[in-house]
Amino acid sequence: MTAFPTAFPLTWLYAPGDRPHVVAKALTSGADVVVIDLEDAVAPDRKAYARAATADLLAGPPAVPVHVRVNALDGPWGGQDIAALAPAPGLGGLRVPKITSPSEVARVARRAASTDLYVLLETALAVERAYAIASAHPNLRGIALGEADLRADLGVRDDTGLDWPRSRVVVAARAAGLPPPPQSVHPDTRDLDELAASCAHGRALGFLGRGAIHPRQLPVIERAYLPTEADIERAETVLKAAAAEQGAQALPDGRFIDAAVVTAARRTLSLARRR
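Quick notes on the rules
Residues numbered from 1 in each chain as written. Predicted model: local features only at pLDDT ≥ 70, side-chain atom pairs only at ≥ 80, totals over all residues. Heavy atoms only, no water. Helix = DSSP H or I, 4+ residues; strand = E, 2+ residues; numbered from the N terminus. Rg over C-alpha atoms; globule rule 2.2 N^0.38 Å. Contact = heavy atoms within 4.5 Å. Phe/Tyr/Trp six-rings, centres within 6.5 Å; stacked < 30°, edge-to-face > 60°. Buried < 20%, exposed > 50% of the residue type's maximum accessible area, 1.4 Å probe, protein only. Lys NZ or Arg CZ within 6 Å of the ring centre and 35° of its normal. 1 Å grid on protein atoms, 1.4 Å probe; cavity = no way out; pocket = protein on both sides within 12 Å on 5 of 7 lines; lining within 4 Å. Points joined across faces, edges and corners; volume = space filled by probe spheres on them. Nonpolar A, V, L, I, M, F, W, Y, C, P; charged D, E, K, R; others polar. Core = buried A, V, L, I, M, F, W, Y, C linked by side-chain atoms within 4.5 Å. Salt bridge = Lys/Arg side-chain N within 4 Å of Asp/Glu carboxyl O. Pairing = 2+ DSSP bridges. Axes fitted to C-alpha atoms, helices over the stretch in contact; angles between N-to-C directions. Left-handed = near helix turned anticlockwise from the far one by under 90°.

Enquirer: Just to check I follow, could you spell out the overall build of the protein chain for this structure?
Expert: On a plain count of helices and strands, the protein chain comes out with 12 helices and nine strands. Against the 2.2 N^0.38 benchmark of 19 Å for 275 residues, the protein chain shows a C-alpha radius of gyration of 20 Å, consistent with a compact globule. When its C-alpha atoms are laid out on the principal axes, the protein chain stretches across 65 × 40 × 35 Å. Long-range contacts, defined here as pairs at least 24 residues apart, represent 65% of the contacts in the protein chain between residues at least 6 apart.

So this is what it looks like as structure tokens:
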């Protein structure tokens with residue numbers, strides 16, 4: 001069984017790379033990671049400006065970890081983004097969209113030297129190759145779905161139509177020894193009840209944390225993924241019982257304890273330390 005991560009971002013806030021004032025606000029939002037977006041959020045005639053502004057920001061260490069979502073490799077800007085930003089001292093990681101094969105991961109790794117890589121799977125082909133992609137290179141630190149593009153590729157209308165790809169990516173990440181992936185962004189920034197319900201569903205599927213496109217989404221995501229007081233109490237009970245007696249056992253309330261249950265309890269308390 002691969003180890004569960006001990007340090008884990010829960011909130012990944014996207015900000016458009018051609019709007020430095022928005023990026024500056026994102027850096028003070030409380031997000032665990034700020035993702036500067038050079039791809040979908042930036043018009044073609046603003047790509048060069050966004051890249052230069054991001055390079056200037058990352059010339060020194062930012063206040064919080066900063067990742068950059070570069071443009072797709074098969075377009076005119078992706079290679080330029082990687083060449084300009086991979087050497088930046090303040091870069092925490094590159095997020096590479098529209099990856100479909102392990103060879104593409106290896107190609108980015110060669111260009112980006114020792115940079116931490118995170119890739120987005122946005123097509124049916126990428127989902128089918130999820131484990132091969134997740135295990136493609138030691139510099140790869142995480143995979144995630146790009147659900148908007150995947151919906152279009154699959155022709156999915158109902159949200160439940162994405163549950164199989166979601167589970168596939170969660171399993172592939174863990175099988176490759178990577179952290180559980182974060183959920184894709186929720187596009188409605190006003191309906192926080194719907195966001196909370198969607199996060200609860202994602203947590204049940206095995207995701208850990210979520211991308212966001214507005215600061216108001218951050219506390220909803222944190223509440224959804226942090227354990228409740230009842231979760232913490234149950235986990236402490238399990239660990240106390242496990243410390244008192246080795247091996248499988250049953251608690252007075254009928255719950256069965258074995259090594260897997262103990263591991264899950266430790267995971268819960270590790271998350272609880274973020275509270």
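There is more to say after this.
Enquirer: I'm lost on the packing of aromatic side chains in this one. Help?
Expert: Two aromatic rings, taken as a pair, are described by how far apart their centres are and by the angle between their planes. Scanning the model with the defined rule gives one aromatic pair in all. Both rings, one in tryptophan 12 and one in tyrosine 118, keep their centres 6.0 Å apart while their planes meet at 65°; by these two values the pair is edge-to-face. With tryptophan 12 in strand β1 (residues 11-16) and tyrosine 118 in strand β5 (residues 117-121), the pair connects residues that are 106 residues apart, well separated along the chain. Like tyrosine 118, tryptophan 12 is buried. The lysine or arginine in question, lysine 47, covers the ring of tryptophan 77, its NZ or CZ lying 5.1 Å from the ring centre. One cation-aromatic arrangement involves arginine 95 over tryptophan 12; the distance from NZ or CZ to the ring centre is 4.9 Å.

Enquirer: Would you take a moment to explain helix α4 (residues 102-112) for this structure?
Expert: At 3.6 residues per turn, the α-helix brings residues three or four places apart onto the same side. If you check which residues of α4 are buried, you get Glu104, Val105, Ala106, Val108, Ala109 and Ala112. Of the residues flanking the end of α4, it is alanine 113, one or two places downstream, whose phi is positive at about 55°.

Enquirer: How should the layout of surface pockets be read in this particular structure?
Expert: Over the atoms, a rolled probe matching the size of one water molecule traces out where space is still vacant. Approximately 770 Å³ is the volume found for the largest pocket. What lines the largest pocket is a set of 37 residues, among which Ser184, Val185, His186, Pro187 and Ile213 lie closest to the centre. Those elements that provide at least two residues to the lining of the largest pocket are β1, α1 (20-27), β6 (140-145), α7 (147-154), α9 (192-205) and β7 (210-212). The element contributing the most residues to the lining of the largest pocket is β1, with five residues. For the lining of the largest pocket, the class distribution of residues is 17 nonpolar, seven polar and 13 charged. Of the voids in this model, the second largest pocket is the one considered here, and its volume is about 420 Å³.

Enquirer: In this structure, what is going on with the nonpolar core? I would like to understand it.
Expert: The tendency in soluble globular proteins is for nonpolar side chains to be buried as a group. Counting 62 residues, the largest nonpolar core has Val68, Leu94, Val119, Leu121 and Ile143 as the members making the most contacts within it. Here the element with the most residues in this core is helix α10 (residues 218-225); it accounts for five residues. Other than its neighbours up to four places away in sequence, leucine 94 contacts Val68, Val70, Ile82, Ala86, Ala112, Thr115, Asp116, Leu117 and Tyr118.

Enquirer: Can you walk me through the pattern of salt bridges in this structure?
Expert: A pair can form between side chains of opposite charge whenever their charged atoms are brought close. Per the counting criterion, the structure on display carries 15 salt bridges. The partner of arginine 46 in a salt bridge is aspartate 18, with the nearest N and O atoms 3.1 Å apart. One end of the pair, arginine 46, is in the loop between β2 (33-37) and α2 (47-57); the other, aspartate 18, is in the loop between β1 and α1, with 28 residues separating them in the sequence. In this structure arginine 46 comes out as partly exposed when scored by relative accessible area, which is 35%. Look at aspartate 18 and you get buried, because its relative accessible area is 8%. Between aspartate 231 and arginine 234 there is a salt bridge, with its nearest N and O atoms 2.6 Å apart. In this pair, aspartate 231 and arginine 234 both sit in helix α11 (residues 229-244), three residues apart, roughly one turn of the helix. Classification of arginine 234 by relative accessible area gives partly exposed; the value is 40%. Sharing partners across several salt bridges, the network here consists of Asp37, Glu39, Asp40, Arg69, Lys98, Glu122 and Asp149.

Enquirer: What exactly am I supposed to notice about the sheet that holds β2 here?
Expert: Across a sheet, strands are paired by hydrogen bonds formed along the backbone, either parallel or antiparallel in direction. Spatial strand order, β6-β5-β4-β3-β2-β1-β7: seven strands in an open sheet with parallel pairing. A strand with exactly one partner marks an edge of an open sheet, and here the two such strands are β6 and β7. Looking at each pair of strands side by side, their axes are set apart by 25° on average, direction ignored. As paired strands, β5 and β6 are joined by five bridges and run parallel to one another. Bridge assignment links leucine 117 to a residue of β6, and that residue is leucine 140.

Enquirer: It is not clear to me how the packing of α9 against α10 should be interpreted in this structure. Could you clarify?
Expert: The axes of two packed helices give the description: the angle between them and the distance between them. At a closest axis distance of 9 Å, the pairing of α9 and α10 adopts a crossing angle of 35°. For the pair α9 and α10, the sense of crossing is right-handed. Where α9 abuts α10, its residues Leu192, Leu195, Ala196, Cys199, Gly202 and Arg203 lie against Val220, Ile221, Ala224 and Tyr225. The residue inventory of the contact of α9 with α10, partitioned by class, reads eight nonpolar, one polar and one charged.

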